[in-house]
Amino acid sequence: MMPRRCFACLVVLAALPAAAQDIPDFRGAPFTMQGGEAVYRGICQGCHMADAKGATGAGSYPALANNSKLASAGYVLTMVMNGYKGMPPFRGQFANQQIADVVNYVRTNFGNHFKGTVKATDVQQLR
C-alpha cells in the first residue's frame, strides 16, 4: 500500500503537464491584443501602472503621464521597440500596427496631448 504523502505527490506531478499547457509562452510569439489601449492595459500598465504614473519598488518604472519626453514620437518608438534599462524590447512581440497604436495611445492620454500620429509604416522603417 502506498503512503498517502507519496500518492498526493504523484497526483500533483501527474497534473503538472496539463497545468503547464495553460500557461502562455510569449517568448518570440506576437501578442494578439489590438488597439493602443488594449496593448497598454495588457502589457504596459503592469510596470507603468493603470494611471501611467509609474512606480518605484523592486525597480523604477517612469511615469508616462504628463511626460514631456513623449512629445517626440521617435523617442517613444525607440523605447518600445528597443527597450531601455529595465524595460525589455518589444519589437519581436508586437506587430508594426500594435507599436504605432500604443505609441499614439500614450502620447494622447494620461494628460499627454501631443500632435502627430505614428503609422505602421513609420514603425517598419525603424525595424
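See the structure above.
Below: a short report on this structure. (Residues numbered from 1 in each chain as written. Predicted model: local features only at pLDDT ≥ 70, side-chain atom pairs only at ≥ 80, totals over all residues. Heavy atoms only, no water.)

Assignment of secondary structure puts Q98 in helix α4 (residues 96-107). Accessibility expressed as a relative area gives 3% for Q98, which makes it buried. Leave out the neighbours within four places in its chain, and Q98 touches F31, T32, M33, Q34, V39 and Q93. (Helix = DSSP H or I, 4+ residues; strand = E, 2+ residues; numbered from the N terminus. Buried < 20%, exposed > 50% of the residue type's maximum accessible area, 1.4 Å probe, protein only. Contact = heavy atoms within 4.5 Å.)

All right, on to unusual backbone geometry then. Most peptide bonds adopt trans geometry, and most residues besides glycine take a negative phi value. One non-glycine residue, M49, lies in the positive phi region at around 75°. Counting through the fold element by element, M49 comes out in the loop between α2 (36-48) and β1 (55-56). For K85, which is not glycine, the phi torsion reads 50° and is therefore positive. Assignment of secondary structure puts K85 in the loop between α3 (73-82) and α4.

Below, the discussion takes up α3. Burial in α3 covers these residues: V76, L77, M79, V80 and M81. Its buried side turned inward, α3 meets α4 and α5 (120-126). Two residues or fewer past α3, G83 is found with a positive phi of approximately 70°.

To continue, consider the packing of aromatic side chains. Counted under the stated rule, the structure contains four aromatic pairs. Relative to Y105, the ring of Y40 has its centre 5.9 Å away and its plane inclined at 45°; by these criteria the two rings are tilted. Here Y105 lies in helix α4 and Y40 lies in helix α2, a separation of 65 residues in the sequence. For the residue pair Y40 and Y105, the accessibility class agrees, reading buried in each case. Aromatic side chains F90 and F94 sit 5.2 Å apart centroid to centroid with 35° between the ring planes, which places their arrangement in the tilted category. (Phe/Tyr/Trp six-rings, centres within 6.5 Å; stacked < 30°, edge-to-face > 60°.)

Note that all results are geometric; they support no functional claim without further evidence.
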